[in-house]
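Given next are the chains, with one letter for each unit.
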Amino acid sequence: MILETIHYQSPIGTLEITGDEKSIHSIYFTEDKHTTSENISSKEIKNCIQQLEEYFSGNRKEFELTLAPKGTKFQGKVWNELLKVTFGKTRSYLEQSKALGDIKAIRAVASANGKNPISIIIPCHRIIGSNGSLTGYAGGVWRKKWLLEHESGTKQQSLF
C-alpha cells in the first residue's frame, strides 16, 4: 500500500494525517500551516477528514475508521484500551492500568499513552491524573483541555 500524508486544519491546529487506501496510520499535531484539501486519493483519509469535521462540529461522538498504528505489543494493548473510554468520559492513568490488569504498570501505561500515534481518534486526551489534573499531552495541555471541554459540552472561552 502507498502511504499518503495530508495536512488538515482543525479548530485546534494543523493535523498531519497519514494513511493508505485501507487504514489510518497516524494523526499528529504539527506547526505546519500548510493544508491539503484537494487531490486526496485515499478513501480512508477522505473518510477520516469527514469524521473529524463532524467531531469538531459536534455531530460525531464515535469514529468509524480502520486504524493501523505502529507500536509494540504492549503499546497496542494500551491503545486498544483507550478506545474503550467513550466520548465525554475520562479515566485516570491508575484506572487505565487496572483495566489492563496490572496496577504496577502505571508508568508504562502513561508512556504508551504519550506515544499514541493517532491523536483524537485513539483518545489519549481522555486520560487524566488521579487528582483530576490534566497532566501531559503530546499536542499540548491546552489542546487536551479544549478536547475535554468540547466533549463535555462546556462552553469554550477565549484563551486571549
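Counting of residues starts from 1 at the beginning of each chain's written sequence and follows it residue by residue. In keeping with the model being predicted, local features are shown solely for residues with a pLDDT of at least 70 and side-chain atom pairs are shown and tallied solely at 80 or more, while totals for entire chains, interfaces and linings include all residues. Where side-chain values are given, they derive from all heavy atoms of the structure, hydrogens and water being excluded.

Engineer: Break down the overall build of the protein for me, with residues and values.
Structural biologist: When you go through the protein residue by residue, the secondary structure sums to five helices and five strands. Within these notes, the globule rule equals 2.2 Å times the number of residues to the 0.38 power, and the radius of gyration is based on C-alpha atoms. Against the globule reference of 15 Å for 160 residues, the protein gives a C-alpha radius of gyration of 16 Å, in line with a compact fold. Summarising its shape, the C-alpha atoms of the protein cover approximately 45 × 40 × 25 Å along the three principal directions. Within the protein, the proportion of its 160 residues that are buried is 46%. By definition, residues are in contact when any of their heavy atoms lie within 4.5 Å. Of the contacts formed within the protein by residues at least 6 apart in sequence, a portion of 52% connects residues at least 24 apart. Here the Shrake-Rupley method, with its probe set to 1.4 Å, supplies the accessible areas, and only the displayed protein chains count as covering residues. In the form shown here, the protein has an accessible surface area of approximately 9,000 Å², with 51% of it arising from carbon and sulfur atoms. Counting rule for charge: Lys and Arg are taken as positive, Asp and Glu as negative, and neither His nor the chain ends is counted. Think of each charge as sitting on NZ of Lys, CZ of Arg, CG of Asp or CD of Glu. Across the protein, 21 positive and 17 negative side-chain charges occur, with their mean positions spaced 9 Å apart. Numbering of helices and strands runs from the N terminus, with a helix taken as a DSSP run of H or I at least four residues long and a strand as a DSSP run of E at least two residues long. Note on exposure labels: buried denotes an accessible area under 20% of the residue type's maximum, exposed denotes more than 50%, and partly exposed covers the range between, all computed with a 1.4 Å probe on protein chains only.

Engineer: Describe the pattern of salt bridges, with residues and values.
Structural biologist: Think of it this way: side chains of opposite charge can pair up when their charged atoms draw near. One side-chain nitrogen of Lys or Arg within 4 Å of one carboxyl oxygen of Asp or Glu is enough to make a salt bridge. Inspection of the entire model under this criterion finds five salt bridges. One salt bridge connects Glu81 with Arg91, and the closest N-O pair in it is separated by 3.0 Å. Taken together, the residues Glu81 in helix 2 (residues 73–82) and Arg91 in strand 4 (residues 91–92) connect sequence positions ten residues apart. Taken as a pair, Glu81 and Arg91 share a single burial class, namely buried. When salt bridges with common partners are traced through the structure, they connect Glu81, Lys84 and Arg91 into a single cluster.

Engineer: With reference to specific residues and values, describe the layout of surface pockets.
Structural biologist: Rolled over the atoms, a probe sized like a water molecule indicates the empty space that remains. Every definition here rests on a 1 Å grid over the protein atoms only: cavities are sets of points where a 1.4 Å probe fits but cannot get out, pockets are open sets enclosed by protein on both sides within 12 Å along at least five of seven lines, and lining residues have some atom within 4 Å of a point. Grid points are joined across faces, edges and corners, and a volume is the space filled by probe spheres set on the points. Approximately 190 Å³ is the volume found for the second largest pocket. As for the second largest pocket, its lining consists of 13 residues, and the residues nearest its centre are Glu62, Phe63, Leu83, Ile121 and Arg126.

Engineer: I'd like to hear about the state of the cysteines, residue by residue, with values.
Structural biologist: Think of a disulfide as a covalent bridge from one cysteine sulfur atom to another cysteine sulfur atom. When two cysteine sulfur atoms are found within 2.5 Å, that pair is recorded as a disulfide. The tally for this structure, following the rule as stated, stands at zero disulfides. Lacking any disulfide linkage, Cys48 is separated from the closest cysteine sulfur, that of Cys124, by 14 Å. When its relative accessible area of 9% is taken as the criterion, Cys124 is described as buried.

Engineer: Give a description of the environment of Ile17 that names residues and reports values.
Structural biologist: Checked against the element boundaries, Ile17 lands in strand 2 (residues 13–19). Considering only alpha carbons, one finds Ile17 and Glu149, 132 residues apart in sequence, at a separation of 23 Å. Setting aside residues no more than four positions away along its own chain, Ile17 makes contact with Glu4, Thr5, Ile6, Tyr8, Ile24, Ser26, Ile27, Ile45, Cys48, Ile49 and Leu52.

That's the geometry; what it means functionally is another story.
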